[in-house]
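Close look at the chain arrangement
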Amino acid sequence: MENKKIESCIDACETCAEACETCSTENKGKAGMEHSEKLCIACAEACNALVAASKTNSNLDALCKKCKDACDACATECEKHSDMKHCKECADACRKCAAECKSMLAVA
């Protein structure tokens, strides 16, 4: 894979993981936000796993697909709560990260 594509994807993953961690923290303990919190945590974990794997270039395709899927699911859920700033920012970061992962998978 091209280095610029990988760098762009990793940057998006780092931004997404941070947004998801903030969102999950903000949603912790709020009634009706349990599903959102779980998806944010899972998405942050997927993004962080891809970032870690990118340092060794191991298993990137599978992790990239997992990250894209986690980002899509998290974005879809957080968009339902876009009246809250942290959810909107999380959904936006997830959509960007999913697009970057999709782009990386297309050249894999």
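Residues numbered from 1 in each chain as written. Predicted model: local features only at pLDDT ≥ 70, side-chain atom pairs only at ≥ 80, totals over all residues. Heavy atoms only, no water.

This next bit is on the overall build of the protein. Tallying secondary structure elements over the protein gives 4 helices and 0 strands in all. Of the regular secondary structure in the protein, the N- to C-terminal order runs α-α-α-α. The C-alpha radius of gyration computed for the protein amounts to 13 Å, which stays within 12% of the reference 13 Å derived for 108 residues, consistent with globular compactness. By its C-alpha atoms, the protein is 40 × 20 × 15 Å across when sized along the principal axes. Here the protein holds 108 residues, and 44% of them are scored as buried. For the protein, the share of sequence-separated contacts (at least 6 apart) that also reach a separation of at least 24 residues comes to 71%. As presented, the protein carries roughly 5800 Å² of accessible surface, and 52% of it is formed by carbon and sulfur atoms. Counting 15 positive and 19 negative side-chain charges, the protein places the averaged centre of each group 3 Å from the other. (Helix = DSSP H or I, 4+ residues; strand = E, 2+ residues; numbered from the N terminus. Rg over C-alpha atoms; globule rule 2.2 N^0.38 Å. Buried < 20%, exposed > 50% of the residue type's maximum accessible area, 1.4 Å probe, protein only. Contact = heavy atoms within 4.5 Å. Areas by Shrake-Rupley, 256 points an atom, 1.4 Å probe, with all protein chains shown as cover. Lys, Arg positive; Asp, Glu negative; His and termini not counted. Charge placed at Lys NZ, Arg CZ, Asp CG, Glu CD.)

In the structure shown here, the tally under the stated rule is 0 disulfides. Here Cys23 stays free of any disulfide, with the sulfur of Cys40 as its closest cysteine sulfur at 3.7 Å. On the accessibility criterion, Cys23 (0% relative accessible area) is buried. (Disulfide = S-S within 2.5 Å.)

Per the counting criterion, the structure on display carries 9 salt bridges. Close ionic contact of Lys85 with Glu89 constitutes a salt bridge, the shortest N to O distance being 2.8 Å. Within this pair, Lys85 and its partner Glu89 are both found in helix H4 (residues 85–107), separated by 4 residues, close to a single helical turn. Notably, a salt bridge pairs Asp92 with Lys88, separated by 3.0 Å at the nearest N-O pair. With Asp92 and Lys88 both in helix H4, this residue pair falls 4 residues apart, about one helical turn. Through salt bridges with shared partners, one network takes in Lys68, Asp72, Glu79 and Arg95. (Salt bridge = Lys/Arg side-chain N within 4 Å of Asp/Glu carboxyl O.)

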